[in-house]
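Inside the fold
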Amino acid sequence: MPDITFITNGGKVISVPEDSNLLRMSLREKGGIPFKCGGGLCGTCKCLVEEGLENTDAVKKKEEKLLTKEEIEQGYRLACQTFLKGDVKVSWEESTKGGNAGAGQVKPKAEA
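Counting of residues starts from 1 at the beginning of each chain's written sequence and follows it residue by residue. Where local features are concerned, this predicted model is filtered to residues with pLDDT of at least 70; where side-chain atom pairs are given and counted, the filter is 80 or more; whole-chain, interface and lining totals use all residues. To get the side-chain values, all heavy atoms of the structure are used, and hydrogens and water are removed first.

As for the nonpolar core
The following threshold applies: Throughout, nonpolar core names a set of buried Ala, Val, Leu, Ile, Met, Phe, Trp, Tyr and Cys residues whose side chains join them through atoms within 4.5 Å. Working definition: with a 1.4 Å probe on protein chains only, accessible area under 20% of the residue-type maximum means buried, over 50% means exposed, and in between means partly exposed. Labels follow the DSSP assignment, with helices taken as runs of H or I lasting at least four residues and strands as runs of E lasting at least two, numbered in each case from the N terminus.
Counting residues in hydrophobic clusters, the biggest one holds 20 residues, and the most contacted among them are Ile4, Phe6, Leu22, Ile33, Cys45, Ala79 and Val90. In terms of residues, this core owes the most to one element, helix H1 (residues 22-28), which gives three residues.

Here it is, written out as structure tokens:
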């Protein structure tokens, strides 16, 4: 079973079934990845796969709309669109205290 390490959440580690969705597992196991829509429309669940990018599935069209080519090359993914084949370590930008959960929201490239 693959392990997910939530770096931004104190290094919390969980084991998940292969082909699990990153955001769903974060929600189920209190991994802490921020989210709003869960469907690849808002970009709130943008996270950096710091280790194990090769253990994720292919980048989806929805991700290409919300992430720049450079971000994708650096290992950024939308957790709601990412399925796992092996171990990964992920981090994300934390929202400011008192702010809403979408404070780190990504704007579509056309608006950026």
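Observations concerning empty space enclosed by the protein
What counts, and what does not: Grid spacing is 1 Å over the protein atoms alone, the probe is 1.4 Å, and a cavity is where that probe fits but cannot get out, while a pocket is an open set with protein on both sides within 12 Å along at least five of seven lines and lining residues have an atom within 4 Å of a point. Grid points are joined across faces, edges and corners, and a volume is the space filled by probe spheres set on the points. Ten residue types, Ala, Val, Leu, Ile, Met, Phe, Trp, Tyr, Cys and Pro, are classed as nonpolar, four, Asp, Glu, Lys and Arg, as charged, and the remainder, Gly among them, as polar.
Here the structure, examined in full by the defined rule, presents one cavity of 30 Å³ or more. By volume, the largest cavity amounts to about 30 Å³. A class-by-class count of the residues in the lining of the largest cavity yields seven nonpolar, four polar and one charged.

Concerning the environment of Asp19
Residue placement: Asp19 occurs in the loop between strand E2 (12-15) and H1. C-alpha separation for the pair Asp19 and Asn55, spaced 36 residues apart in sequence, amounts to 9.8 Å.

Here's the deal with the pairing of E2
Just so we agree on the cut-off: We call two strands paired when DSSP finds no fewer than two bridges between them.
Pairing analysis gives four bridges linking strand E1 (residues 3-6) to E2, with the strands arranged antiparallel. By the bridge assignment, Ile4 is partnered in E2 with Ile14. Where E1 hands over to E2, the hairpin turn is made up of five residues, of which Gly10 adopts a positive phi near 70°.

Regarding the pattern of salt bridges
Rules: Between Lys or Arg on one side and Asp or Glu on the other, a salt bridge is scored when a side-chain nitrogen of the former is within 4 Å of a carboxyl oxygen of the latter.
Within the structure shown, the criterion is met by five salt bridges. Between Lys46 and Glu71 there is a salt bridge, with the nearest N and O atoms lying 2.5 Å from each other. Residue Lys46 is found in strand E3 (residues 46-51), and its partner Glu71 is found in helix H3 (residues 69-74); the two are separated by 25 residues along the sequence. Under the relative-accessibility criterion, Glu71 is labelled buried at 17%. Across the pair Glu63 and Arg77 runs a salt bridge whose closest N-O atoms are separated by 2.7 Å. You can see Glu63 sitting in helix H2 (residues 61-66) and its partner Arg77 sitting in strand E4 (residues 76-78), a full 14 residues away along the chain. Neither residue differs from the other here; Glu63 and Arg77 are each classed as buried.

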